Amino acid sequence: MLTVKTKDIEEPGDRSEFDGVISPRKSKLGGVKRVFLLNNMPDTKECSASIELALDPLNLWDLPNLMFSCDMKVIYTLCGKEYQQNGKHNCYLCTGSSPLLEQADLLSVGFLKECHAALIAAGKRARQMDYQNVKTKVLLKFEDHVLTMDIFAIPTLHIILGVVDKMVVYIRESFGEGGELMMKLFLASINVSTKYYNGKE
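Owing to the predicted nature of the structure, the values given are computational and were not obtained by experimental measurement.

Draft legend 1. Inspection of the packing of aromatic side chains at higher detail. Under the counting rule described, the total for this entry stands at 4 aromatic pairs. Considering the side-chain rings of Tyr-92 and Phe-152, the 5.9 Å spacing of their centres and the 90 degrees angle between planes classify their relative orientation as edge-to-face. Within this pair, whereas Tyr-92 is found in the loop between α3 (72-79) and α4 (109-122), its partner Phe-152 is found in the loop between α4 and α5 (156-174), the two being separated by 60 residues in sequence. Looking at Tyr-92, the relative accessible area reads 6%, which means it is buried. A connected cluster of aromatic rings, assembled from ring pairs, spans Trp-61, Phe-68, Tyr-92, Phe-142 and Phe-152.

Draft legend 2. Just α3, in detail. Here α3 lies mainly inside the structure; 7 of its 8 residues are buried. Those residues of α3 that fall on the buried side of the exposure criterion are Met-72, Val-74, Ile-75, Tyr-76, Thr-77, Leu-78 and Cys-79. Backbone geometry just after α3 places Gly-80 at a positive phi near 80 degrees.

Draft legend 3. A look at the nonpolar core. One finds Phe-68, Leu-78, Leu-140, Phe-142, Ile-151 and Phe-152 to be the most contacted residues of the largest nonpolar core, which totals 26 residues. Listed by contribution, the elements that provide at least two residues to this core are α2 (48-55), β2 (66-70), α3 and α4. Counting residues per element, this core draws most heavily on α3, at 6 residues.

Draft legend 4. Region of interest: the packing of α2 against α3. For the pair α2 and α3, the least separation of the axes is 10 Å and the interaxial angle reads 85 degrees. Judged by the inter-axis angle, α2 sits roughly perpendicular to α3. Seen from α2, the contacting residues are Ser-48, Ile-51 and Leu-55; seen from α3, they are Val-74, Thr-77 and Leu-78. Here the contact of α2 with α3 is composed, by residue class, of 4 nonpolar, 2 polar and no charged.

Draft legend 5. Spotlight on the packing of α5 against helix α6 (residues 179-189). Where α5 contacts α6, the two axes come as close as 7 Å, and the packing angle between them is 135 degrees. The angle between α5 and α6 falls in the class oblique. In terms of crossing hand, the pair formed by α5 and α6 is right-handed. Contacts between α5 and α6 involve Val-168, Ile-171 and Arg-172 from the first element and Gly-179, Glu-180, Met-182, Met-183 and Leu-187 from the second. Across the contact of α5 with α6, the residue classes tally to 5 nonpolar, 1 polar and 2 charged.

Draft legend 6. Here's a closer look at the side chain of His-89. Examined against the element boundaries, His-89 turns out to sit in the loop between α3 and α4. Residues within four places of His-89 in sequence aside, it is in contact with Lys-81, Thr-95, Gly-96, Ser-97, Met-129, Gln-132 and Asn-133.

About the thresholds
- Just so you know, the residues in each chain are numbered from 1, in the order the chain's sequence is written.
- Note on the predicted model: pLDDT of at least 70 is required for a residue's local features to be given, and 80 or more for side-chain atom pairs to be given and counted; whole-chain, interface and lining totals, by contrast, use all residues.
- Just so you know, side-chain values use all the structure's heavy atoms and leave hydrogens and water out.
- What counts as a ring pair is set by centres within 6.5 Å for rings of Phe, Tyr and Trp (its six-membered ring), and what kind of pair is set by the plane angle: stacked under 30 degrees, edge-to-face over 60, tilted for all other angles.
- Counting from the N terminus, the helices are the DSSP runs of H or I reaching at least four residues and the strands are the DSSP runs of E reaching at least two.
- Only protein chains enter the accessibility calculation, which uses a 1.4 Å probe; a residue whose area is less than 20% of its type maximum is buried, one above 50% is exposed, and one in between is partly exposed.
- Each nonpolar core is a collection of buried residues, namely Ala, Val, Leu, Ile, Met, Phe, Trp, Tyr and Cys, held together in the definition by side-chain atoms within 4.5 Å.
- Between N-to-C directions, angles cover 0 to 180 degrees, with each direction set by a line fitted to C-alpha atoms, over the stretch in contact for helices.
- For classification purposes, angles smaller than 35 degrees are called roughly parallel, those larger than 145 roughly antiparallel, those between 65 and 115 roughly perpendicular, and all remaining angles oblique.
- We call two residues in contact whenever any of their non-hydrogen atoms come within 4.5 Å of each other.
- In this count, Pro and Cys sit with the nonpolar residues alongside Ala, Val, Leu, Ile, Met, Phe, Trp and Tyr, while Asp, Glu, Lys and Arg are called charged and the others, Gly among them, polar.
- Left-handed describes a crossing whose near helix is turned anticlockwise from the far helix through less than a right angle; right-handed describes the clockwise counterpart.

Structure (structure tokens):
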């Protein structure tokens, strides 16, 4: 899902906070919190071509204080980056490389465009990892000096899920033998279950 909003609107910290706004069952026509549905593309992949097709006719780029609130895959796609959780340049905010232990420059729209142009110029043998993992056309039609940190709201849901997942793994390993069974019983007691996504638990 891609939400377009102005910077003065706070990012919801919980998925449930979206319910009153976008849930057809809960939203009220007389309420003040509404979402105007700009585009609906059922059975469409979140890829560069489909996102470009959805955004281009809307001509949003000149709106003041334009900001996008979306999941990580859409953020990567808008930046022209390949979606790799363990890629060398997997940050959409800076030029740092994994394991992201050194200071790095902030990413700008112009720099992403330069990376894509350099990748194309390098030909078939070019490695994406040498060009900030940029793979496809940059879909952000802002001026070159604009930083990605000023375009995207922080994807809080992704961060919360990542932190919780790492805490579960840490606790399970801290208990050593029997830790996995203990965590499974504990999570079941509070109605939390782990699911497989993209081949990982």
